[in-house]
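Residues per chain, in single letters:
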Amino acid sequence: MASRYQNISTTKLNVTGSLYYQTNLYPTIQPTDSDYYIITTVEDRLDLIAYNFYQDSSLWWVIASANALPGDSLYPPIGIQLRIPTDVQRIINSYNLENINY
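Small disclaimer: the values here were computed from a predicted structure and weren't measured.

Reading the values: the criteria
- Counting of residues starts from 1 at the beginning of each chain's written sequence and follows it residue by residue.
- The predicted nature of this model means local features are confined to residues of pLDDT at least 70 and side-chain atom pairs, given and counted, to a pLDDT of 80 or more, with totals for whole chains, interfaces and linings taken over all residues.
- Working from all heavy atoms in the structure, the side-chain values ignore hydrogens and water.
- Side-chain atoms within 4.5 Å are what join buried Ala, Val, Leu, Ile, Met, Phe, Trp, Tyr and Cys residues into a set we call a nonpolar core.
- Residue exposure (1.4 Å probe, protein chains only): buried if accessible area is under 20% of the type maximum, exposed if over 50%, otherwise partly exposed.
- Under the DSSP-based scheme used, a helix requires at least four consecutive residues in state H or I and a strand at least two consecutive residues in state E, with every element numbered from the N terminus.
- Contacts were defined at the residue level, with two residues in contact if any of their heavy atoms lie within 4.5 Å.
- Aromatic pairs are defined between Phe, Tyr and Trp rings, using the six-membered ring for Trp, whenever the two ring centres lie within 6.5 Å; interplanar angles under 30 degrees are classed as stacked, those over 60 as edge-to-face, and all others as tilted.
- Confidence scores here are pLDDT values: one per residue, from the predictor, ranging 0 to 100.
- A helix is expected to reach a length of 1.5 Å times the quantity of its residues less one.
- Within this analysis, the arc is defined by the directions that extend from the helix axis to the C-beta atoms.

A.B. asks: Describe the nonpolar core, and please don't skip the residues or the numbers.
C.D. replies: By size, the foremost hydrophobic cluster in this structure holds 19 residues, and its most contacted members are Leu46, Tyr54, Leu59, Trp61, Val62, Ile63 and Leu82. Sorting elements by how many residues they give to this core places helix H2 (residues 60–66) first, with six residues. Leucine 82 has contacts with Tyr36, Tyr37, Ile38, Thr40, Leu46, Ile49, Ile63, Asn67, Leu69 and Pro76, leaving out every residue within four places of it along the chain.

A.B. asks: Outline the packing of aromatic side chains, supporting the account with residue identities and numerical values.
C.D. replies: In this structure the tally under the stated criterion is four aromatic pairs. Measuring from ring centre to ring centre gives 5.5 Å for tyrosine 36 and phenylalanine 53, while their planes differ by 45 degrees; the resulting arrangement is tilted. With a gap of 17 residues between them, tyrosine 36 in strand S3 (residues 36–39) and phenylalanine 53 in helix H1 (residues 46–54) connect regions that are remote in the sequence. A centroid spacing of 4.8 Å and a plane angle of 35 degrees characterise the contact between tryptophan 61 and tyrosine 95, whose relative ring orientation is tilted. Of this pair, tryptophan 61 sits in helix H2 while tyrosine 95 sits in helix H3 (residues 88–99), and the two are 34 residues apart along the sequence. Of the two residues examined, tryptophan 61 and tyrosine 95, each falls in the buried class. Aromatic ring contacts, followed pair by pair, group Tyr26, Trp61 and Tyr95 into a single cluster.

A.B. asks: Can you tell me about the confidence of the model for the protein chain, naming the residues and giving the values?
C.D. replies: Across the protein chain, the average pLDDT comes to 86, with 81% of residues at or above 70. Below a pLDDT of 50 lies the segment residues 1–5, which in the model reaches 11 contacts outside its immediate sequence neighbourhood of four places, other chains included.

A.B. asks: Can you break down H3 residue by residue, with the values?
C.D. replies: Look at H3: 17 Å from first C-alpha to last across 12 residues, which is about the 16 Å you get at 1.5 Å a residue. The complete set of buried residues in H3 reads Val88, Ile91, Tyr95 and Asn99. Projected onto a plane normal to the axis of H3, the buried residues spread over an arc of 60 degrees and lie on a single side. Of the surrounding secondary structure, the elements contacted by the buried residues of H3 are H1 and H2.

Rendered as structure tokens:
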């Protein structure tokens, strides 16, 4: 499974030389007519859902962002409707553009 931090840049502090993760900006993901919708169950995790739809578990953040879920857990609330965006490449491009100089 891919690290949930793989797309987050690190920076060294000049004083201590320690690494820390930079804050990332996530794009607003507007609904489209081609999005999928599912109802979550007790077994669901965002990384597994991302793998099922995108064949890439590291894209769990796309589903979390599209549904305004907090990024502190891979477990969505049980019994809610989740929107699964289909235009993932456009979303990734937007993410990269927002974070290129941040």
